[in-house]
Structure formats: C-alpha cells, structure tokens
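# Observations on the model geometry
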Amino acid sequence: MLNSSIRSQITDRLSPLPREVEVHDVLTIAPTDLELVALDDDPWTLRALDELTEFVETAVGPLGRGPFRIELSARSEPVVGYQAYRITPAPGGKGLQLQGLQAEGVYWGMKTLKQLLHFRAGKIVVPLATILDGADMEERGIWMQPFGPRTCAHSDLNAALDHYKKWIDFLSDHKMNLLEMIVIGENGGLQFRSTSHPELNSPDAEQREFLLKELFAYGRLRGLRMQPCITHPEHFDFIAEKHSELAGQNPIWHHTGEEKLPVNFFHPKTKTIWKALAQEVVEMLSLPCLYFWLSESRLHALPPAEQTKSEFLQEAETYHAISQEIGVDLKIALSQGSYPENLSLIRALPSEVKWVFYSGERSGTYNIRYRNPIQPDIAAATAEGHWISLCNAIRGVPARPTAMAALHQHLGEAIQAGLKGVNGMSYAYPGDAMGQFVVAEHSWNWAGRTLDDTFRVFALAQEVDDVSAQAQAYRLYDKVNRAQALHNTSGIGQPFGQH
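Since this is a predicted model, take the numbers as computed values, not measurements.

### A short note on the pattern of salt bridges
- All chains considered together, the criterion is met by 33 salt bridges.
- Across the pair Arg222 and Glu51 runs a salt bridge, and its minimum N-O distance is 3.5 Å. One end of the pair, Arg222, is in the loop between helix H5 (205-221) and strand E10 (225-230); the other, Glu51, is in helix H2 (residues 43-60), and 171 residues separate them in sequence.
- Judged by relative accessible area, Glu51 falls into the buried class, the value being 3%.
- Put simply, Lys166 and Asp162 hold a salt bridge, and the shortest N to O gap is 3.4 Å. Of the two residues, Lys166 and Asp162 are both situated in helix H4 (residues 157-173); the distance of four residues between them amounts to about one turn of the helix.
- With a relative accessible area of 40%, Asp162 lands in the partly exposed category.
- The structure contains a network of salt bridges with shared partners spanning Glu51, Glu54, Lys111, Lys114, Asp169, Asp173 and Arg222.

### Some words on H4
- Between its first and last C-alpha atoms H4 spans 24 Å; for 17 residues at 1.5 Å apiece the expected length is 24 Å, and the two agree.
- By the burial criterion, the buried members of H4 are Ala160, Leu161, His163, Tyr164, Trp167, Ile168, Phe170, Leu171 and Ser172.
- Of the surrounding elements, those touching the buried residues of H4 are helix H3 (105-116), strand E8 (139-144), strand E9 (178-184), H5, E10 and helix H12 (433-444).
- Where H4 starts, the residue carrying a side-chain oxygen 3.2 Å from the main-chain nitrogen of Asn158 turns out to be Asp156.

### Some thoughts on the pairing of strand E5 (residues 95-100)
- Of all six residues in E5, five are buried; the element is thus mostly enclosed.
- Sheet analysis places strand E3 (residues 68-74) next to E5, joined by six bridges and oriented parallel. Residue Ile70 lies in a different strand from E5, and its bridge partner there is Leu96.
- Relative to E5, strand E4 (residues 82-89) runs antiparallel, the two sharing five bridges. Among the inter-strand pairings, Thr88 is bridged to a residue of E5, identified as Gln97.
- Between E4 and the antiparallel strand that follows it, E5, lie five residues; Gly92 among them carries a positive phi value of about 80 degrees.

Rules of the game
Residues numbered from 1 in each chain as written. Predicted model: local features only at pLDDT ≥ 70, side-chain atom pairs only at ≥ 80, totals over all residues. Heavy atoms only, no water. Salt bridge = Lys/Arg side-chain N within 4 Å of Asp/Glu carboxyl O. Helix = DSSP H or I, 4+ residues; strand = E, 2+ residues; numbered from the N terminus. Buried < 20%, exposed > 50% of the residue type's maximum accessible area, 1.4 Å probe, protein only. Expected span 1.5 Å × (residues − 1). Contact = heavy atoms within 4.5 Å. Polar contact = N/O pair within 3.5 Å; in protein donor to acceptor, adjacent residues only side chain to side chain. Pairing = 2+ DSSP bridges.

Here it is as structure tokens:
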C-alpha cells in the first residue's frame, strides 16, 4: 500500500493533472523485461509508440520482449473531454494498458506515460495507475511571429531549427496541440518563395521556407496542429508597394499618423492575388485549413459613401470564397476592428467556419483585465453551435503583459461559455515557459489544480532547491507584473485606453 507522500511525488510529475488518477503500486523493471506494443495500426497509436520507445530507449537502452508489457491502442468511446484516454494496470500487474478513447487520445495519453515513467540506475520505475482523462478545450496553443531572427536569437539555420524544435517539444510534452505562425505579413514580404508573385518575396524567403517545411513536419510528428496565419492586412504594405491599385483610398488618423489600408478587399484583383498565395501555402505545407486574420482597425478601403456593405464582411466573404475554391476548411480571427460586428460576421458565413475571438483591447481580450472576456455576442454565437476559440495573451511583448491569475480566470470563463480552444501571443521561448505551462494546465483540466499549485508544480519541473520559495516568488512576480501594468496604460489597453 503506497503512502500519501509517494502518491504525491508521482502525481506532481503529471502536468496537466489528469481528471481522475489513482496510483496503486510502483514497480522497478529491467529494460530487457519491458515490451512496448501497438495493438492497432491507427496513425496516432503508431506515433505514440515511436515516441515512447525513443524516450525509454534513450534513457536505458534497447528494450526486451516482456514479461512486462505496455500496450497502446485507439478506440472510439463516448466520454467527456477532448482527446480522451484511459490508462489501467494489466491483469496481475504485468503491465499497463493505454487506450485512446477519442481521436488523438492515445497520443496525448502517451505523454502522461512519459511523465509517469522515470529511470534509476539503468532501470525503469513504473507506477501502476488508473487514469481517466480528457481535455476541456479541443485546441490549446500559441501563435507567434514568423520563424526567423525576431523569434530566435540564432542566425545559423541549424541552430534556429534546434531552438524551434525544443519549443515544439515543450508544447507537445505539456499537451499543447496548436502552433500558429505568420507566413504572409510581417518582415517585409512573404515567408516562403512564391512563384505566382515573386515580387512579394521577403529578402530571406528561402531560409524561412526551409524552416517552415522542416518545422511543420516536426510539429506534426509531435502531435501539433501546425497552422500558418495570414495576418492583418495592415501588415501588407509590401503588397501595396508592388500593386498600388490595391491600396485603400480613404486615409484616416490611426495610432501615430495618417494611414490607409494597404489592401482594398473591394478590388477584384485582391482576391486573385490572395487566392494564388493561399494556394501555394496549402500545396507547400499540405494544409487542411486556411487561417486569416481580419483587418485590425477601421481603416476604410473606400470612402464611406461608396461602400455598399461592411468592409469586414467583404473581407470575410473573400476569405470564405478562396477557401471554397481551393477546397480546404476556413478559420478566421475576429480583430479589434471587427468589434462590434462579430456576431453578424459569424452568422453571415456557414456554420462550419471556425472563429478565433481576438477583438483586442476594445472588448476585453488579449490583456490583463479582471473581467469576463466573453462578450454577450460571442456567448450567443457559441450557444448557437459555432466553433470559437479565445485568443488571450500568454506572455507576449512588454506592451501587453499577462498576469497569470487573470489568464487562469479567463480560461475558466471561456470553458464555461463553451469556447473550443485557446491561443495566445508567445514568442520568447523559453522566457514564456511559465505562461505556456499555466495555459497547458488550465486549458486541459481547469479544475485540476489551483494557480498556486500550478506554480509549485512548475517550480518542481525547474528542479529548484527550494520549491516553496520559488512558487511564492512566481506568485509575487505575477502580482508585480499586474501592478506595473496598472500604472502603465500602454501595458493594459495599448493603444485604446486604461484598466
């Protein structure tokens, strides 16, 4: 019979904490006595087997053929939670059985096995446990700037590749399953080599395309939904420079100067160029879905008297038409500019379109405000059955600091409202590790751990000498971060106001 201290040591290694976990015994197994087995040829089962085998054999060397077996399988079973799985001891304590209960479940359950197992003196320490688990949110991840120098300090391609792979491993090992990155917009051009519009390529497009292809393949191997972003049209000056006829006609004062939208979605050529670029991205990366961000600000493309419909509806309909003609799914991010039209936009497009709720500082997301970020229009849309996720800062740039207590609160409010996912700006790995750890824990199982307990488990994972003191330091840091932002309006509502 295990005492509570041993059980606690085992469960403290599990992050996110499973919904139901009971540890019965702990065995020590020689590598030659352990066999890892896939009971079916489901791709997620085989992927889980390969990763688990690599993990164990890296630690202790080649494995044997039993008598202790860890069996992996995938099946379909109605359970609560996304990507659900079950782990049970085999009859007689001669092994463990991992069953995926929903799509992808066997893979994410394997991550729990990796956390359960540890190694001592060349042998494998195996807790016999019963675990039933599943996620609160279908998608859990981050978005980031383009792969390259801004998000990585390494100019050498191989060093950059290694940096991003470590980031992907961190996300994957903590059951974060989404990585979005900008491929069109930012950095003065495209992040790949376009053959249809080579005039739009960024100066280092070849290197960035190399990183895209390599990291998409690696991320998918690690279970991530690798999603390229076609970002806000405000970032597309490089297109207007080459195609001046597409620039907006109605300049306004915005932020610090006079601006106009670099891309006019009422111009028919806009769709032609957008479709050609989107088609190249889909083919290059074998994408099942296109992801566009709506214009961030109300920079009208036409004088108001000449507009027959909302510019945001015109933009969204353009994206939908492109996705339909290419034959892929569609996801659209609602922006600061699209508020308060969000509900009408969601209702205007077919129900299978997915939406990301980022309406920025104007309606309470993407900042540290201690108020429910789920506006009535978004709550209404989720109640109607629309797929919506929350974009909420995970750490991000100094202009938008995140207090972890507010992040934890917002995740709970999003889950309660029925939102299907969370993503957030995070491009300073490993500096953003704590924020990602909190999101991983509380988007998978929001009620599993308190925020303070999450800080304690994160401190344990950092292998610090004084776990309690470090956890307290994280809490104090969180409070100071919020206090600093409260006295800096650019840190709370940039550029729209105060707390």
